[in-house]
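# Breakdown of the fold
So you can see what is in the structure, the chains are spelled out below.
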Amino acid sequence: MDHLAALLDGPRARGAFLLRSILDPPWSLRIQDEAPLSVIAQVRGESWIVYDDAEPVRLSPGEVAISRGPEPYTVASDPDLAPQIVIHPGQHCSTPDGRPLHDDMDLGVRTWGTDPHGSAVLLTGTYNLEGEVSRRLLEALPPLLTQPGDPIMSLLGAEIVKDEPGQEAVLDRLLDLLLIAVLRSWFAARSSEAPGWYRAMGDPVVGRAMRLMQHNPAHPWTVAALASEAGVSRASLARRFTELVGEPPMSFLTDWRLALAADLLREPDATIGSVARKVGYGSPFALSAAFKRVRGISPQEYRTGAGGM
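Cut-offs and rules
- Residues numbered from 1 in each chain as written.
- Predicted model: local features only at pLDDT ≥ 70, side-chain atom pairs only at ≥ 80, totals over all residues.
- Heavy atoms only, no water.
- 1 Å grid on protein atoms, 1.4 Å probe; cavity = no way out; pocket = protein on both sides within 12 Å on 5 of 7 lines; lining within 4 Å.
- Points joined across faces, edges and corners; volume = space filled by probe spheres on them.
- Nonpolar A, V, L, I, M, F, W, Y, C, P; charged D, E, K, R; others polar.
- Helix = DSSP H or I, 4+ residues; strand = E, 2+ residues; numbered from the N terminus.
- Phe/Tyr/Trp six-rings, centres within 6.5 Å; stacked < 30°, edge-to-face > 60°.
- Buried < 20%, exposed > 50% of the residue type's maximum accessible area, 1.4 Å probe, protein only.
- Lys NZ or Arg CZ within 6 Å of the ring centre and 35° of its normal.

## Things to note about empty space enclosed by the protein
Scanning the model with the defined rule gives two cavities of 30 Å³ or more in all. There is about 50 Å³ of room inside the second largest cavity. In this structure, the second largest cavity is lined by Ile 31, Gln 32, Asp 33, Glu 34, Ala 35, Ser 38, Ser 67, Gly 69, Pro 70, Glu 71, Pro 72 and Tyr 73. Residue classes in the lining of the second largest cavity are distributed as five nonpolar, four polar and three charged.

Set out below in structure tokens:
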């Protein structure tokens, strides 16, 4: 897998919050749910997305916005409107003075708003868990980006209002696909601004070495072994990798392995020993030592803090 795929591998969307909103102007929503990542697709009408101390961004029909949390922002029919509704962590909504609004605005299956015939229709998908594997990618994103939508957006819109067996899994996968499609398009349009690791994926030598490590992190990789697979000398690979990615191959591998380990430690049935084997460490002690050296806490402490067992 590459880093775009890794964004949603591991803790992919699992019971993600998904909602169709139907609103009639004037409306203004203050989003302070602290979600690490949200996708907003404008199906009909237009919206303005406003971050504090930033210029408003207009979202037109057919466009998708990706918001990187946890900073609050406002989505409104007019950028100058004061918030009328506040979205809190856990997707609870209220008036600015705290009166609950969920029952007042329920319009049916995964549908919510002020008017069933409102002029603005948005689809919102929220990832509630930041996967450690995705950290490198998330740090490369601005707080807000917008892109033209993808055909998946229409399919998500059709499926979001269905209430059928297995529908939650269908919606999770459609949200994943829409997010990946939009991010891939956004990075392709800004390749010169993309981080080094993203551009390096297209290099025939460095990209191959990166994919080898990503596809098989448990393998006992060395720079010499990677160079042999890539068809270059050890010195050539080390120099080229560091120039393009910004760190040596083994540092990249360590970061990748520990990111995977952090994801796997969130799984309730995983043990430190099983995680160590999957990410290329010979023993739980070896993984624990590396994890604590890089992250400052032990795997068990991390797991406890992440809500694991």
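That shown, we press on.
## Topic: unusual backbone geometry
With an omega of 0°, the peptide bond between Pro 25 and Pro 26 qualifies as cis. Positionally, Pro 26 belongs in the loop between β1 (17-23) and β2 (28-31). The step from Gly 69 to Pro 70 runs through a cis peptide bond, and the omega angle for that step is 10°. With respect to the helices, strands and loops of the structure, Pro 70 is situated in the loop between β6 (63-68) and β7 (73-76). Phi is positive for Asp 53, close to 65°, though the residue is something other than glycine. Within the secondary structure, Asp 53 sits in the loop between β4 (47-51) and β5 (57-59). Backbone geometry at Arg 110 places phi at a positive 45°, although glycine is not the residue there.

## Digging into the layout of surface pockets
Summary: where empty space remains is shown by rolling a probe the size of a single water molecule over the atoms. Estimated volume of the largest pocket: approximately 370 Å³. What lines the largest pocket is a set of 23 residues, among which Phe 17, Leu 19, Ser 21, Ile 87 and Gln 91 lie closest to the centre. At the level of secondary structure, the elements contributing two or more residues to the lining of the largest pocket comprise β1, β2, β3 (37-44), β7, β10 (106-108), β11 (111-113) and β12 (120-127). A per-element tally of the lining of the largest pocket places β1 first, with four residues. Residues of the lining of the largest pocket, tallied by class, amount to 12 nonpolar, eight polar and three charged.

## A closer look at the packing of aromatic side chains
By the definition in use, this model includes four aromatic pairs. Aromatic pair Tyr 51 and Tyr 73: ring centres 5.1 Å apart, planes at 20°, arrangement stacked. In this pair, Tyr 51 sits in strand β4 while Tyr 73 sits in strand β7, placing the two residues 22 residues apart along the sequence. Ring geometry for Trp 186 versus Phe 187: centroids 5.3 Å apart, planes at 75°, classification edge-to-face. The residues Trp 186 and Phe 187 share a single accessibility class, namely buried. Across from the ring centre of Tyr 281, 6.0 Å away, lies the NZ or CZ of Arg 257, which sits over that ring. Just above the ring of Phe 291 sits the side chain of Arg 295; from NZ or CZ to the centre is 5.3 Å.

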